[in-house]
Amino acid sequence: QIAGGKTATTVVVTVDGTEALRVPLDTDGTYAIPLPADEENILAVQDGKAYMQSANCRDQLCVRQGATSRTGKQIVCLPHRVVVRLERADGAAVQDDLDVVVR
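Residues numbered from 1 in each chain as written. Predicted model: local features only at pLDDT ≥ 70, side-chain atom pairs only at ≥ 80, totals over all residues. Heavy atoms only, no water.

Draft legend 1. Fine view of the pattern of salt bridges. Scanning the model with the defined rule gives five salt bridges in all. Bridged by salt links that share partners, the residues Glu19, Arg22, Arg85 and Glu87 form one connected network. (Salt bridge = Lys/Arg side-chain N within 4 Å of Asp/Glu carboxyl O.)

Draft legend 2. Examining the sheet that holds strand 6 (residues 74-77) more closely. The four strands are arranged 2-1-7-6 in an open sheet whose pairing can be described as antiparallel. Sheet topology places strand 2 (18-24) and strand 6 at the edges, where each strand pairs with a single neighbour. Direction aside, the axes of adjacent strands within the sheet are offset by 15° on average. Taken together, the six bridges between strand 1 (residues 10-15) and strand 7 (residues 82-87) define a ladder with antiparallel strand orientation. Paired with Val11 across the bridge in strand 7 is Leu86. (Pairing = 2+ DSSP bridges. Helix = DSSP H or I, 4+ residues; strand = E, 2+ residues; numbered from the N terminus. Axes fitted to C-alpha atoms, helices over the stretch in contact; angles between N-to-C directions.)

Draft legend 3. Just the sheet that holds strand 4 (residues 41-46), in detail. One open sheet accounts for three strands, arranged 3-4-5; its pairing is antiparallel. This sheet does not close on itself; its edge strands, each paired only once, are strand 3 (29-32) and strand 5 (49-55). Each neighbouring strand pair of the sheet contributes to a mean axis angle of 25°, computed without reference to strand direction. Where strand 4 meets strand 5, six bridges bridge the pair, whose relative direction is antiparallel.

Draft legend 4. Structural context of the nonpolar core. Ranked by internal contacts, the top residues of the largest apolar core, which has 22 residues, are Val11, Val13, Ile33, Leu43, Val82 and Val84. Of all elements in the fold, only strand 1, strand 2, strand 4, strand 5, strand 6 and strand 7 reach the threshold of two or more residues within this core. Each residue touching Val11, except ones within four places of it in the same chain, is listed here: Leu21, Arg22, Val23, Leu25, Leu43, Val45, Ala50, Val84 and Arg85. (Core = buried A, V, L, I, M, F, W, Y, C linked by side-chain atoms within 4.5 Å. Buried < 20%, exposed > 50% of the residue type's maximum accessible area, 1.4 Å probe, protein only. Contact = heavy atoms within 4.5 Å.)

In structure tokens, the structure reads:
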């Protein structure tokens, strides 16, 4: 199956490649991502979707990426080295949208 259309169940946050936070996608809340004192990223989970609610990085691209609930989607804050990844309960984080069709 190429395009699974799977809804994620877990939000996994890594900082510098190390897991810093893991929260269920079905429980609303806001979470401060553990970062050095001068850096701040706040992750929000609401209505089965995750998004970067706020950040004090200079470009704000992570905040502008919006909310997602699908596996394989990522929210990235390059200045703070934060990656938010959505997974299914089985740990899979496969891409569920087609980028290219080849015949």
